[in-house]
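# What the coordinates show
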Amino acid sequence: MSSSRTGRPPVQRAARRPVVPRPPRENPLRTLVIRGRRAWDRPLTAYYVVLGGSLLITVLGLVMVYSASQITALQMSLPGSYFFRKQLLAAVIGAVLLLVASRMPVKLHRALAYPILAGAVFLMALVQVPGIGVAVNGNQNWLALGGSFQLQPSEFGKLALVLWGADLLARKQDKRLLTQWKHMLVPLVPAAFMLLGLIMLGGDMGTAIILTAILFGLLWLAGAPTRLFAGVLAVAALLGAILIRTSENRMARLACLGATEPQTGPVDCWQAVHGIYALASGGIFGSGLGASLEKWGELPEAHTDFIFAVTGEELGLAGTLSVLALFAALGYAGIRVAGRTEDPFVRYAAGGVTTWITAQAVINIGAVLGLLPIAGVPLPLFSYGGSALLPTMFAIGLLIAFAREDPAERMALAMRQPRFGRKRIRGSQRPRRWNTMRRRAPGARSSGER
């Protein structure tokens, strides 16, 4: 054995360990996106988004109605909480309607389509009877119920068109009649034009635009050919242009687009400009809840059509973006419910409700931002008005009921175990975990036809 020069035995060095390459660091943004997609693909996501989003919008709307309506109530020699109490009562009744609609089977919803349509047509015709109908802001679309309560039947006409149109198209699809253009248009388009005519007799073009959007949404979901869709759209645009051109009030609203001063020549753009002032003065986090200045007689309809402007002034950009995010989530959840069902009635009805709520929100917010003419439509679930809140909450109950009808969501709801009051399942009998809803059940139960 060899030795070193110092006489000591040589030191044996340990063998070097092989270098193991480090795993690449994960991008936190990509990880967040992947987790978000997995969470969104869970069976109960649409169910919770529709329920939670609508309730959040309603509760925030109650808060803003109380804040925005106090000055208006005091100017009318009424208690400061007058409009809030009426809206709270409507919200309680609407919550009951939402619960009832969410628990009703799809067959019962289809059975109610014709009675709701007949009732809406009768009430909308009753509005035009002298001495019964009531005119508000130049539009005769209201019925007096006694005391300070009034009803706007045209708001229920939206729900009637959604249910009746969905039932009609579903029955025709079952009989394979939608390949013929006459079956796709008749009697859906004539019935929709009848509702539009009753609404326009009272001069409410804003509600007529929402009804037209629902009609086009149903035709698009039914797979209307491009020529047919474009033809109906051209006729509706021509009629709309004639109605706008023949009305000085509507022409004045159109002339206020992009206005920056309250007075621009002969047209008074006071409301549109002060809505922009309210949004501009809010900043990022707003002036504080209840601290709006525009609601002190400067901004008309602060608690109804222009409540989004007061929200921007008091809660700032953060508050308005939160409202937009809630409406976007609600709309996307509605699209998901409509797109992942095998039942044609559920697809048409869910698509019609989603079109109704999103189109009305876009028109209202676009008018407040100065991007669209002021149409006089409330912000769904948010603005003051019981006549608009009740059918909208019933429509949200429809979406919840349709979400519960999905086979994956039905199974996930059935497998949920309560925390208290029942023993958990022992052993390997555990609820099945659903990672995606993209698979459709081949044997989905149809809702049947009337």
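Read on for an overview of the structure. Predicted model only: the values in this text are computed from it and were never measured.

As a packed pair, helix H2 (residues 45-75) and helix H15 (residues 386-405) sit with axes 9 Å apart at the nearest point and diverge in direction by 160°. In terms of orientation, H2 and H15 fall into the roughly antiparallel class. Crossing geometry of H2 relative to H15 is assigned as left-handed. Judged by residue contacts, Tyr-47, Val-50, Leu-51 and Ser-54 of H2 engage Ile-396, Leu-399, Ile-400, Ala-403 and Arg-404 from H15. The class makeup of the residues in the contact of H2 with H15 is 7 nonpolar, 1 polar and 1 charged.

Attention now goes to the pairing of strand S2 (residues 139-146). The sheet contact formed by strand S1 (residues 133-136) and S2 spans 4 bridges and is antiparallel. By the bridge assignment, Ala-135 is partnered in S2 with Gln-140. Where S1 folds back onto S2 in an antiparallel hairpin, the turn is made up of 2 residues, including Asn-137, whose phi is positive at roughly 55°. Pairing of S2 with strand S3 (residues 149-151) involves 3 bridges; the strand directions are antiparallel. Within S3, the residue paired with Gly-146 across the bridge is Phe-149. Once S2 ends, the chain turns through 2 residues before running back antiparallel as S3, passing Gly-147 with a positive phi of about 70°.

As a further point, take the pattern of salt bridges. Under the defined criterion, the tally for this structure stands at 4 salt bridges. We note a salt bridge from Asp-167 to Arg-110, for which the minimum N-O separation is 2.8 Å. Residue Asp-167 is found in helix H6 (residues 153-174), and its partner Arg-110 is found in helix H4 (residues 106-111); the two are separated by 57 residues along the sequence. Residue Asp-167 is joined to Arg-171 by a salt bridge in which the shortest nitrogen-to-oxygen separation is 3.1 Å. Here Asp-167 and its partner Arg-171 are both found in helix H6, 4 residues apart, which amounts to about one turn of the helix. Assigned by exposure class, Asp-167 and Arg-171 land together as buried. Linked by salt bridges that have partners in common, Arg-110, Asp-167 and Arg-171 make up one network.

Contact pair H2 / helix H3 (residues 82-103): the axes reach a minimum separation of 7 Å and the direction vectors enclose 160°. Viewed along their axes, H2 and H3 adopt a mutual orientation that is roughly antiparallel. Considering only the axes of H2 and H3, their crossing is right-handed. Counted together, Leu-51, Thr-58, Leu-62, Val-65, Tyr-66, Ser-69, Thr-72 and Ala-73 of H2 and Tyr-82, Phe-83, Phe-84, Gln-87, Leu-88, Ala-91 and Leu-98 of H3 form the full contact between these two elements.

Right, let's get into the packing of aromatic side chains. Applying the stated criterion to the full structure yields 6 aromatic pairs. For the ring pair Phe-83 and Tyr-384, a centre distance of 5.2 Å and an interplane angle of 85° mean the geometry is edge-to-face. In this pair, Phe-83 is assigned in helix H3 and Tyr-384 in the loop between helix H14 (344-368) and H15, connecting sequence segments 301 residues apart. Taken individually, Phe-83 and Tyr-384 each receive the classification buried, so the pair is uniform in this respect. With a centroid separation of 6.4 Å and 85° between ring planes, the pair formed by Tyr-114 and Trp-164 is classed as edge-to-face. Of the two residues, Tyr-114 sits in helix H5 (residues 113-126) while Trp-164 sits in helix H6, which places them 50 residues apart along the sequence. Here Tyr-114 falls in the partly exposed class, since its relative accessible area comes to 31%. Aromatic rings pair up to connect Tyr-82, Phe-83 and Tyr-384 into one cluster. One cation-aromatic arrangement involves Lys-86 over Phe-149; the distance from NZ or CZ to the ring centre is 5.1 Å. Sitting over the face of the ring of Tyr-348, Arg-347 holds its NZ or CZ atom 5.3 Å from the ring centroid.

Rules and cut-offs
- Residues numbered from 1 in each chain as written.
- Predicted model: local features only at pLDDT ≥ 70, side-chain atom pairs only at ≥ 80, totals over all residues.
- Heavy atoms only, no water.
- Axes fitted to C-alpha atoms, helices over the stretch in contact; angles between N-to-C directions.
- Helix = DSSP H or I, 4+ residues; strand = E, 2+ residues; numbered from the N terminus.
- Parallel < 35°, antiparallel > 145°, perpendicular 65-115°, else oblique.
- Left-handed = near helix turned anticlockwise from the far one by under 90°.
- Contact = heavy atoms within 4.5 Å.
- Nonpolar A, V, L, I, M, F, W, Y, C, P; charged D, E, K, R; others polar.
- Pairing = 2+ DSSP bridges.
- Salt bridge = Lys/Arg side-chain N within 4 Å of Asp/Glu carboxyl O.
- Buried < 20%, exposed > 50% of the residue type's maximum accessible area, 1.4 Å probe, protein only.
- Phe/Tyr/Trp six-rings, centres within 6.5 Å; stacked < 30°, edge-to-face > 60°.
- Lys NZ or Arg CZ within 6 Å of the ring centre and 35° of its normal.

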